[in-house]
Amino acid sequence: QAEVEETLKRIQTHKGVIGTIVVNAEGIPIRTTLDNSTTVQYAGLLHQLTMKARSTVRDIDPQNDLTFLRIRSKKHEIMVAPDKEYMLIVIQNPSE
Amino acid sequence: MPVTHKTLVKSKQGSNAQSQQKPLAAKTAKVVSKKKDEDDGTEIGEGGDEWMHGKTLIKPPDQLDLTEAELKEEFTRILTANNPHAPQNIVRYSFKERSYKPISSVDQLAVHFFLEGNLLHRDSDEARRQKAKQGLPDEKATVVTETEDEKLETPLQAAGGEEAGDVEEGGGEDGAHSVDSKTGKKEQKLTNQFNFSERASQTLNNPLRERGCQTEPPPRASFSATANQWEIYDVYLEEMQKQEKNKEKAKAVPKKEDDKGKKKLTLVETQSDDLTKVAKVAKIIERMVNQNTFDDIAQDFRYFEDASDEFREQEGTLLPLWKFQYDQAKRLSVTALCWNQSYKDLFAVGLGSYDFTKQGRGMLVFYSLKNSTYPEYNYPTTSGILCLDIHPDRPYLVAVGFYDGCVAVYNLKEERPEPVYKSSSKSGKHTDPVWQVRWQKDDMDNHQNFFSVSSDGRVVSWTLVKSELVFTDIIKLSLVGAVSEGPEGVPPPTMACGTSFDFHKQINYLFLVGTEEGKIHKCSKAYSSQFLETYDAHNMAVDAVKWNQFHPKVFISCSSDWTVKIWDHTIRTPVFIFDLNAAVGDVAWSPYSSTVFAAVTADGKVHVFDLGINKYEAICQQPVVAKKKTKLTHIEFNPVYPIIIVGDDRGYVTSLKLSPNLRSKPKEKKGQELPRGPEVEIAKMEKLLSLLREPENSKA
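Residues numbered from 1 in each chain as written. Chains lettered and ligands numbered in written order. Predicted model: local features only at pLDDT ≥ 70, side-chain atom pairs only at ≥ 80, totals over all residues. Heavy atoms only, no water.

**Observations concerning the nonpolar core**
All names here are of chain B. Grouped together as the largest cluster of nonpolar side chains are 22 residues, with contacts concentrated most on Trp-322, Phe-347, Val-349, Leu-351, Leu-369 and Val-653. Elements supplying a minimum of two residues to this core: helix H10 (295-303), strand E3 (318-324), strand E4 (333-339), strand E5 (346-352), strand E6 (362-368) and strand E29 (643-648). Setting aside residues up to four positions removed in sequence, Leu-351 forms contacts with Ala-329, Leu-332, Ser-333, Val-334, Thr-335, Gly-362, Met-363, Val-365, Gly-384, Ile-385 and Gly-651. (Core = buried A, V, L, I, M, F, W, Y, C linked by side-chain atoms within 4.5 Å. Buried < 20%, exposed > 50% of the residue type's maximum accessible area, 1.4 Å probe, protein only. Helix = DSSP H or I, 4+ residues; strand = E, 2+ residues; numbered from the N terminus. Contact = heavy atoms within 4.5 Å.)

Written out as structure tokens, the structure is:
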């Protein structure tokens, strides 16, 4: 368990990472490094998007599953890694 | 009109005794007959006479004259139904009595008139057939006529019983019609025509009452879900798993309890449990983040091919890619490198120290190319690691040799940081540092085993039996041609110190051992005390000896005496010698070509040679570390990708990409297919060697 904490810490302190959010299966953020309103917004929107993406992938082939989702925008990149129970969202600025 | 006749019959012999009432056909014949005795024509006359009686009597001339007495005679006339023309004496032959017998009854029927009519009875077959042919229109007509007749009927019936005859007739007709109507329609009520009155009455209608009752509606809950392809699939999977669980019934009960316990836990302790499940996801994210940061390196690794190689003739370059370092390993130097055969991006780094004075702890670290900032696995050890080897078939087993002479086996699948097996002083550990370990093929009992060589002069085979390491001394390296330099009668050490070894790729029992004295011994697993061959290789300790990946006869050796030598094991002198101007730490053959190899030196340079291109010089000599003082200690080629990893004595591992010139394939004549495969490589090497075996003059 300490390993996981360490990993998350490393991710947070990695170059260019703006924030990390851990979201549970219902879309409620559990852990975050951003402020509350941003967190809630990100969690809600990305949760829906991830569910949709996952549904799409699995509809095409039920034995397949979504591993991760990257959304690269002009300003930064949002990376979502879904799991059965949790979802990890990281916002990074890759060009820094 | 049928008229009944009454006849008085006087029986007479030979004539009909009975008068029969014949079935009437169309008409009946009125037969007037008289006695046959008086068959004369006077009867007409008499009748005429009677008739003419009122008028004047005119006697015809030929009239009989009768006396008055004769005139008053009464003659009886009988009317019989006998046919006067019918014969009275028909006789038939009887075979029984064999004589002619008169027939008792003679047919008395006289047909006066016969006419074939064309009327059919309506119920006869022919009539029905005709009806069927004509079909419905007739039926309707009959219905219409019947309805009309019904109307006629009713007034007739209403007339009452007075006109019996007419009503009878009407009734008869109506009877006929009603028969028709019966057949045509459903049964109508047969009413008595004479005495019928319809009288209706109405019963009391019971008052209607409505009574209802209502139950309580069942509790409802609204449920919504989506039915997708994958949801169906998930449910099926769950079902399958449930079934499998049910099969193992013994575990079913405690599992249920566990589930309940877990549920409780998740409800109450949501904070502490969650993070362990995030582990996998966190790992993925970390890799993604790293990929973003080192995006250009990843792209280079994959796609970059140095274009300037075309202009450089035969030389190549090494493009630096990732650099792997671990804080906790800063003071240690890389003592061993090994790529994992199954996971092509995973490699192991052994950290320790070559310095005799600075012996301390060590570390076993695994890195993946996907994450260059943090190792995948790391195991701290008490003693410095000097060598390691990853099992080719079981990529989770790692054999490690330590500076203190122990060997250990780590299982990466297990969570604990200690090794699974470790040799101890009881179980035959080496007394000197272990310089090289190598996994072997499983022995006959399917136990994994590996070999180790150490400075104490022993080559030992270790077998993993259950939970122990069982050792077997394979060979003891003895000094060949011992030079008695021992001071003051101290017996010279009879054991050589092995510093490296390598097993032949194809011939399993054959292996080479390099010693500290600079000799290379060719040994066999079968012979424990004798060497097959000894080569005077170097002046200093042999740091590495490696068989060629393709050619079965060639091996390479390097030493701190600045040289790299290539040998053919059948020849006692080296085939090639290269002087690299600095102590050579390690040398490695490339996996893709039999003529390419790389060496690292203490001055921080990597030298890459391709004997197919240039037999005397390196085609690439490149410093790869920033500080010139760092010595490069190890080098390994990746089995699949065109990269090499180089370890140095500061604990860093640098990965470099080989430029295309360093990976050149032999050019074939145009039009021919490029042959691939190990045979080509062998042939290439063979060609080189054959050139050398020829006399020196003919060197190209």
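**Details of unusual backbone geometry**
Here B:Arg98, not a glycine, exhibits a phi torsion of approximately 60°, which is positive. Looking at the element boundaries, B:Arg98 is found in the loop between strand E1 (91-94) and strand E2 (99-102).

**Structural notes on the interface of chain A and chain B**
Contacts between the two partners involve 35 residues from chain A and, on the opposite side, 25 residues from chain B. Summing both partners gives a buried area of about 2900 Å² for chain A against chain B, and 65% of it is carried by carbon and sulfur. Measuring nitrogen to oxygen at the nearest pair gives 2.5 Å for the salt bridge that ties B:Glu286 to A:Arg10. On inspection of chain A and its partner chain B, the count reaches 14 residue pairs in polar contact (both at pLDDT 80 or more). Counting only elements with at least two residues in the side of chain A that touches chain B, the list comes to helix H1 (2-12), strand E1 (17-24), strand E2 (29-32), helix H2 (36-60), strand E3 (69-72), strand E4 (77-82) and strand E5 (86-92) of chain A. It is H1(A) that contributes the most residues to the side of chain A that touches chain B, 7 residues altogether. (Buried area = accessible area lost by both parts, 1.4 Å probe. Salt bridge = Lys/Arg side-chain N within 4 Å of Asp/Glu carboxyl O. Polar contact = N/O pair within 3.5 Å; in protein donor to acceptor, adjacent residues only side chain to side chain.)

**Points about the packing of aromatic side chains**
Residue and element names in this part refer to chain B. Applying the stated criterion to the full structure yields 28 aromatic pairs over all chains. Pairing Trp-462 with Phe-471 gives two aromatic rings, centres 5.8 Å apart and planes at 45°, and the pair type is tilted. Both rings, one in Phe-576 and one in Phe-578, keep their centres 6.0 Å apart while their planes meet at 10°; by these two values the pair is stacked. The class for Phe-578 is buried, based on a relative accessible area of 2%. The residue whose ring lies beneath Lys-283 is Tyr-377, and the NZ or CZ to ring-centre distance is 5.9 Å. Across from the ring centre of Tyr-396, 4.3 Å away, lies the NZ or CZ of Lys-413, which sits over that ring. (Phe/Tyr/Trp six-rings, centres within 6.5 Å; stacked < 30°, edge-to-face > 60°. Lys NZ or Arg CZ within 6 Å of the ring centre and 35° of its normal.)

**Regarding the pattern of salt bridges**
Going through the model one piece at a time under the given rule, you end up with 15 salt bridges over all chains. Where A:Glu77 meets A:Arg70, a salt bridge forms, and the shortest distance between an N and an O atom there is 2.6 Å. The buried category is assigned to A:Glu77, whose relative accessible area is 1%. Exposure remark for A:Arg70: the relative accessible area of 28% places this residue in the partly exposed category. A salt bridge links B:Arg438 to B:Asp502; the shortest N-O distance between them is 3.5 Å. Here B:Asp502 lies in strand E16 (residues 498-503) and B:Arg438 lies in strand E12 (residues 434-439), a separation of 64 residues in the sequence.

**So, the sheet that holds E4(B)**
Sheet strands pair via backbone hydrogen bonds, and the direction of the pair is either parallel or antiparallel. Residue and element names in this part refer to chain B. Taken in spatial order, the 4 strands of this open sheet run E4-E5-E6-E7, and their pairing is antiparallel. One side of each edge strand has no neighbouring strand; the edge strands of this open sheet are E4 and strand E7 (377-381). Sheet twist, expressed as the mean angle between neighbouring strand axes with direction ignored, is 15°. Across 6 bridges, the pairing between E4 and E5 is antiparallel. Residue pairing in the sheet places Ser-333 in a bridge with Gly-352 of E5. (Pairing = 2+ DSSP bridges. Axes fitted to C-alpha atoms, helices over the stretch in contact; angles between N-to-C directions.)

**Section: H10(B)**
All names here are of chain B. Considered for burial, the residues of H10 that qualify are Ile-297, Ala-298 and Phe-301. Within H10, the buried residues cover an arc of 100° as seen down the axis, which keeps them to one side. In this structure, the buried side of H10 is in contact with E3, E29 and strand E30 (653-658). (Arc of directions from axis to C-beta.)

**Remarks on the packing of H1(A) against helix H9 (residues 279-293) of chain B**
One way to put it is that H1(A) packs onto H9(B) with a least axis distance of 10 Å and a crossing angle of 25°. Between H1(A) and H9(B), the crossing angle belongs to the class labelled roughly parallel. Relative to H9(B), H1(A) is oriented so that their crossing is left-handed. Across the interface between the two elements, A:Val4, A:Thr7, A:Leu8, A:Arg10 and A:Ile11 from H1(A) touch B:Ala279, B:Ala282, B:Ile285, B:Glu286 and B:Val289 from H9(B). (Parallel < 35°, antiparallel > 145°, perpendicular 65-115°, else oblique. Left-handed = near helix turned anticlockwise from the far one by under 90°.)

**Section: H9(B)**
With 15 residues, H9(B) ought to run about 21 Å at 1.5 Å a step, and its terminal C-alpha atoms sit 21 Å apart, in line with that. What H9(B) keeps buried is the set B:Val281, B:Ala282, B:Ile285, B:Glu286, B:Met288, B:Val289, B:Asn290, B:Asn292 and B:Thr293. (Expected span 1.5 Å × (residues − 1).)

**Considering the sheet that holds strand E21 (residues 554-559) of chain B**
All names here are of chain B. The strand order across the open sheet built from 4 strands is E20-E21-E22-E23, with neighbouring strands paired in antiparallel fashion. Of all the strands in the sheet, the pair left with one neighbour each is strand E20 (542-547) and strand E23 (576-579). Each neighbouring strand pair of the sheet contributes to a mean axis angle of 15°, computed without reference to strand direction.

**Remarks on the confidence of the model for chain B**
Residue and element names in this part refer to chain B. Chain-level statistics for chain B give a pLDDT mean of 74 and a share of 74% at 70 or above. Ranking the elements of chain B by mean pLDDT puts helix H5 (residues 164-184) last with 47 and helix H6 (residues 229-247) first with 89. For residues 155-176, every residue scores under 50 in pLDDT, and the model assigns this stretch 12 contacts once sequence neighbours within four places are set aside. pLDDT under 50 marks residues 178-182. Its contacts with residues more than four places away, or in other chains, come to 7 contacts. Interface scoring of the predicted complex returns ipTM 0.85; its pTM is 0.62. (pLDDT = per-residue confidence, 0-100.)

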